[in-house]
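What follows is each chain in one-letter form.
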Amino acid sequence: MTDSDTLILVNLKAYPCDPVEIAETCAAVADDTGARVAVAPQAAHLAAVADTGVETWAQHVSPVEHGSHTGSTLAEAVADAGATGTLINHSENRLKLADIDASLAAAERADLETCVCANNPAQSGAAAALGPDAVAVEPPELIGGDVSVASADPAIVEDSVAAVEAVDADVDLFCGAGVSTGEDVAAAGELGATGVLLASGVAKADDPEAVLRDLVSGV
Ligand SMILES: O=C(CO)COP(=O)(O)O
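The model shown is predicted, which means the values in this text are computed figures rather than measured ones.

Helix and strand counts for the protein stand at 10 helices and eight strands. Put simply, 67% of the contacts in the protein that link residues at least 6 apart link residues at least 24 apart. Accessible surface, the protein as shown: approximately 9,200 Å² in total, 46% of it carbon and sulfur. For the protein, the distance from the average position of its 7 positive side-chain charges to the average position of its 36 negative side-chain charges is 8 Å.

Written out as structure tokens, the structure is:
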């Protein structure tokens, strides 16, 4: 990838890492290099992560408005905590079609950038039809593994780029699963992705800063 707008989105899932330490590292690497690096922590950590100055995303927003929705993740609350974007329909938090649509509406109401996750090219095209800012294709069988989607199954990325482009050329295509090196980021870019999602490569790393510096070298 050669575009400094390329997004490297670090999803901390529910890993037992220090979200603020990782956020500070991401902010420092982004400042030093001009790369776009964002962190998606647990909802309860959003404000602390956003306070570091790093671009902050939620992992999910609920398909609800203000009201009687105990246990929900309200888009407006996520935005108040400092998030500027949100994942929707992650492989580990799948939603029904109508709920993806309503979560997108909630995120848009709160002025959050949106990325809907998908398993494969057909789902990528379907997700694009709902009008998010981006779709992220992440084959579930490669999530958490050592081999990047871009090398294990490049056709999934290329076909998803084409499927999204055919539906709405304004929607970006990101990819994820097994991404952990600058080479992986560069390979994703060559296939047409304009961002990567990753988790274990940073959240479980002994030296997250070294991994992040390598990752941004592929932008
Ligand atoms: O699910 C992912 C990011 O949202 C990918 O996870 P890994 O980077 O651990 O494969």
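On we go from here.
It is worth spelling out helix 7 (residues 154–167) at this point. The terminal C-alpha atoms of helix 7 lie 20 Å apart, and with 14 residues this matches the ideal 20 Å at 1.5 Å per residue to within 8%. Considering only its buried residues, helix 7 is in contact with helix 5 (121–128), strand 6 (134–137), helix 6 (149–152) and strand 7 (172–176).

The next subject is helix 10 (residues 208–216). Among the residues making up helix 10, those that are buried are P208, V211, L212, L215 and V216. The buried residues of helix 10 occupy an angular sector of 125° when projected down its axis, which confines them to one face. At its buried positions, helix 10 is contacted by strand 1 (7–11), helix 1 (19–33), strand 2 (36–40), helix 8 (182–190), strand 8 (195–198) and helix 9 (200–203).

Before going further, it helps to spend a moment on unusual backbone geometry. Of note, K13 is a non-glycine position whose phi angle comes to about 45°, a positive value. Mapped onto the secondary structure, K13 falls in the loop between strand 1 and helix 1. For K13, a relative accessible area of 13% corresponds to the buried category.

Taken together, N11, K13, H90, E138, I143, G144, A177, G178, L197, L198, A199 and S200 are the residues near the ligand. K13 has a polar side-chain atom sitting 2.8 Å from an oxygen atom of the ligand. H90 places a polar side-chain atom, nitrogen or oxygen, 2.8 Å from an oxygen atom of the ligand. Coverage of the ligand by the protein chains reaches 100% of its 310 Å² of free accessible surface. When its residues are assigned to classes, the shell around the ligand shows five nonpolar, five polar and two charged.

With that settled, consider the environment of T194. Residue position: T194 is located in the loop between helix 8 and strand 8. Judged by relative accessible area, T194 falls into the partly exposed class, the value being 30%. Between the C-alpha atoms of T194 and V219, which are 25 residues apart in sequence, the distance is 9.3 Å.

Here eight strands make up a closed barrel; going around it, the order is 1-2-3-4-5-6-7-8 and the pairing parallel. Across the sheet, the axes of successive neighbouring strands diverge by a mean angle of 25°, strand direction being ignored. Where strand 6 lies against strand 7, four bridges are found, and the strand directions are parallel. Of the residues in strand 7, the one forming a bridge with A136 is F174. Against the sheet, helix 4 (residues 97–109) contacts strand 4 (85–88) and strand 5 (113–118), and its axis sits at roughly 175° relative to strand 4.

Each value, and the rule that gives it
Each residue is numbered by its place in its chain's sequence as written, counting from 1. The model is predicted, so local features are restricted to residues of pLDDT at least 70 and side-chain atom pairs to those at 80 or more, both for listing and for counting; the totals for chains, interfaces and linings are taken over all residues. Only hydrogens and water are set aside; all other atoms, that is, all heavy atoms of the structure, feed into the side-chain values. Under the scheme used here, helices are H or I runs from DSSP no shorter than 4 residues and strands are E runs no shorter than 2 residues, and both carry numbers assigned from the N terminus. Two residues form a contact once any of their heavy atoms are found within 4.5 Å. Areas reported here follow the Shrake-Rupley algorithm with a probe of radius 1.4 Å; residue values treat only the protein chains shown as occluding. Charge counting treats Lys and Arg as positive and Asp and Glu as negative, with His and both chain ends excluded. Note on charges: their place is set at NZ of Lys, CZ of Arg, CG of Asp or CD of Glu. Working rule for helices: expected span equals 1.5 Å times residues minus one. Under the scheme applied here, a residue whose accessible area is under 20% of the maximum for its type counts as buried, over 50% as exposed, and between as partly exposed, the area being computed with a 1.4 Å probe on protein chains only. The directions considered for the arc run from the helix axis to the C-beta atoms. Whether a residue is near a molecule or strand is decided by its heavy atoms; if any one of them lies within 4 Å of it, the residue is near. Throughout this description, a polar contact denotes any pair of N or O atoms lying within 3.5 Å of each other; where both atoms belong to protein, one of them has to be capable of donating a hydrogen while the other can accept it, and for residues adjacent in sequence the pair is counted only when both atoms sit in side chains. Nonpolar residues are Ala, Val, Leu, Ile, Met, Phe, Trp, Tyr, Cys and Pro. Charged residues are Asp, Glu, Lys and Arg, and all others, Gly as well, are polar. Note: two strands are recorded as paired if DSSP finds a minimum of 2 bridges between them. To obtain each axis, a line is fitted to C-alpha atoms, and for helices this fit is confined to the stretch in contact; angles are then taken between N-to-C directions over 0 to 180 degrees.

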